Amino acid sequence: MIVSWNTTNACNLYCDHCYRDAGCQLDEELNTAEGKALLEQIAQAGFKIMIFSGGEPLMRPDIVALVAHATSLGLRAVFGTNGTLLTLDLAQQLKTAGAMGMGISLDSLDAAKHDELRRVPGAWQAAVQGIHNCREAGLPFQIHTTIMDWNAEEIEKITDFAVREGAVAHHFFFLVPAGRAVSIEEESLKAEAYEDTLTRILKKQQEVDIELKPTCAPQFMRIAKQMGMNLRFRRGCLAGTAYCIINPKGQVQPCAYLHIPLGDVRETPFAEIWRNHEVMQRLRTLDYQGGCGKCEYKRICGGCRARAAFYHDGDYMAEEPWCLYHGRKGV
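Structural notes, computed from the coordinates. Predicted model only: the values in this text are computed from it and were never measured.

1. What to know about the pattern of salt bridges
And step 1. Tallying each qualifying case throughout the model produces 11 salt bridges.
And step 2. Residue E34 is joined to R266 by a salt bridge in which the shortest nitrogen-to-oxygen separation is 3.0 Å. Taken together, the residues E34 in helix α1 (residues 32-44) and R266 in the loop between β10 (263-264) and α9 (270-276) connect sequence positions 232 residues apart.
And step 3. Judged by relative accessible area, which is 27%, E34 ranks as partly exposed.
And step 4. One salt bridge in this structure joins E207 and K204, with 3.7 Å as the shortest N-O distance.
And step 5. On the accessibility criterion, E207 (59% relative accessible area) is exposed.
And step 6. Residue class for K204 comes out buried when judged on its relative accessible area of 11%.
And step 7. Several salt bridges converge on common partners, so that one network encompasses E153, E156 and R200.

2. Things to note about unusual backbone geometry
And step 1. In this structure, G55 follows G54 across a cis peptide bond, with omega equal to 15 degrees.
And step 2. When you line up the elements, G55 lands in the loop between β2 (49-53) and α2 (63-72).
And step 3. The phi dihedral of R119 falls on the positive side, at around 65 degrees, and the residue is not glycine.
And step 4. In this structure, R119 sits in the loop between α4 (111-118) and α5 (123-137).
And step 5. Backbone geometry at C216 places phi at a positive 60 degrees, although glycine is not the residue there.
And step 6. Mapped onto the elements, C216 comes out in the loop between β7 (211-215) and α8 (220-226).

3. Overview of the pairing of β7
Regular strands have side chains that alternate between both faces of the sheet.
And step 1. The buried count for β7 comes to 5 of 5 residues, which makes it a mostly enclosed element.
And step 2. Judged by which residues are buried, β7 turns out to be covered on both faces: E211, K213 and T215 on one side and L212 and P214 on the other are all buried.
And step 3. Pairing of strand β6 (residues 169-174) with β7 involves 5 bridges; the strand directions are parallel. Considered in β7, the bridge of H171 is made with K213.

4. Some remarks on the environment of Q129
And step 1. Examined against the element boundaries, Q129 turns out to sit in helix α5.
And step 2. For Q129 and F172, which are 43 residues apart along the polypeptide, the C-alpha to C-alpha distance reads 21 Å.

Criteria and cut-off values
Residues numbered from 1 in each chain as written. Predicted model: local features only at pLDDT ≥ 70, side-chain atom pairs only at ≥ 80, totals over all residues. Heavy atoms only, no water. Salt bridge = Lys/Arg side-chain N within 4 Å of Asp/Glu carboxyl O. Helix = DSSP H or I, 4+ residues; strand = E, 2+ residues; numbered from the N terminus. Buried < 20%, exposed > 50% of the residue type's maximum accessible area, 1.4 Å probe, protein only. Pairing = 2+ DSSP bridges.

Structure below.
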């Protein structure tokens, strides 16, 4: 099982698509002691993969200590970062503390396009330097690309770049309208383009040795099955079933893009929220509406629950709007 902790709302960039609307540190963010206690609760709840994210997690001065504590608990510590703060020294410290991988955002091979999305000149070059620093430190890294209408045509070239740079994986994030991303919803892929892009990614997977994985596009599991591919993944959307997120103030959500506060870890043990909250339990029924409910692939796909909620007035069990299939063959 996987859990992500938005360790801080602070960020040195101001990306258009940020689901957390990050920038400034918030009042009452979990401090070091509270963060370590949270990591202990996460380990006790049976989670294995611990994603440190943000904001920008590398802006926390205690991040190395937090990684070391997670590692001591048997958690696999990995990161979602913009990569711009990854100096060689910090990469070496993180590796020594037990970090197992850095997910570094790179949204285009055109530095100007990447920087425009990130709203900071030089962000592309700094991220690439972060990649090089990871490689020199022997710290595994992967590239994360948020796919929108203006960069969808270059994703295979970004994968080739990832291979050349020595990345272990290339993960593709499909835009979900949340946080600041609501303002650029029109740039997200719709229906036919969504399906076509997922098919292209899976075809590219057959050509390269590194892992390619779409995120927030659970239909990739159905498409892979239709293409006769056997992937290591069991399911597309993991929200509430094998994944959740904790925000900087310690509030638990089913996923990063589904802003439904389920409880505060300062007040209620994380395991209790994870196991017993009614939203988590409802998500686990897989009792979806519309095409998702009758689809024979619902157990391996599940549709994007956050996208369903956005386009259906908060109904996270509604039909995924950008799926071409929608159970057309019935159950």
